[in-house]
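Structure assessment
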Amino acid sequence: MSFLDMPSIETPHLSQEQQSVMRVLSSRHFTKSPLISSFLSYICKRALEDDSSRISEHEIAVHVFHRSADFDPREDNIVRTYARHLRKRLHEYYV
């Protein structure tokens, strides 16, 4: 489930946080980058669901990048690579 499909927790309307993420995802910086958009969507959804739990590199690899459960970040740096791209896109969006 993507962030865009995420139901609101308290009201039928989107929260301010959800609206902010939607604006970012619909910007020119993200519309043509489905993997980076999925990454941002996933981590925002998780953070809004349970801001007390840590989102692991393994979890992101499995849920966003469809890696197998035996994913080893020492052998595959996809999450770190896309995290760098995501930070760059967010910087471009906000500058």
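Scope of this entry: the structure provided in the associated data block. Note that residues are indexed from 1 along each chain, following the sequence as it is written. It should be noted that, the model being predicted, local features are given only for residues of pLDDT at least 70 and side-chain atom pairs only at 80 or more, the latter also being counted only at that level, while totals for whole chains, interfaces and linings use all residues. As a rule here, side-chain values come from all non-hydrogen atoms in the structure, and water together with hydrogens is ignored.

Remarks on the nonpolar core
The definition of a nonpolar core used throughout is a set of buried Ala, Val, Leu, Ile, Met, Phe, Trp, Tyr and Cys residues joined through side-chain atoms within 4.5 Å. Partly exposed residues are those whose accessible area sits between 20% and 50% of the maximum for their type, while under 20% is buried and over 50% is exposed, using a 1.4 Å probe and protein chains only. Phe-39, Leu-40, Phe-65 and Val-79 are the most contacted members of the largest nonpolar core, which has 18 residues in total. Under the DSSP-based scheme used, a helix requires at least four consecutive residues in state H or I and a strand at least two consecutive residues in state E, with every element numbered from the N terminus. The set of elements that each furnish at least two residues to this core consists of α1 (16-25), α2 (34-49), α3 (57-63) and α4 (78-94). Ranked by residue count, the leading element in this core is α2, at five residues.

Here's the deal with the packing of aromatic side chains
Two rings from Phe, Tyr or Trp (for Trp, the six-membered ring) form a pair when their centres are within 6.5 Å of each other. A pair whose planes differ by under 30 degrees is stacked, one over 60 is edge-to-face, and the rest are tilted. Inspection of every chain in the model, using the stated rule, returns three aromatic pairs. With 5.8 Å between their ring centres and 80° between their planes, Phe-39 and Phe-65 make a pair best called edge-to-face. Of the two residues, Phe-39 is situated in helix α2 and Phe-65 in the loop between α3 and α4; the sequence distance between them amounts to 26 residues. Here Phe-39 matches Phe-65 in class, with each residue buried. Ring centres 5.0 Å apart and planes at 45° place the aromatic pair Phe-65 and Tyr-82 in the tilted group.

Some remarks on the environment of Ser-68
By the secondary structure assignment, Ser-68 is in the loop between α3 and α4. The exposure class assigned to Ser-68 is partly exposed, which follows from its relative accessible area of 42%. Along the chain, Ser-68 and His-58 lie 10 residues apart, while their C-alpha atoms are 9.5 Å from each other. Every residue pair with non-hydrogen atoms within 4.5 Å of one another is taken to be in contact. Not counting chain neighbours up to four residues away, the residues in contact with Ser-68 comprise His-58 and Val-62.

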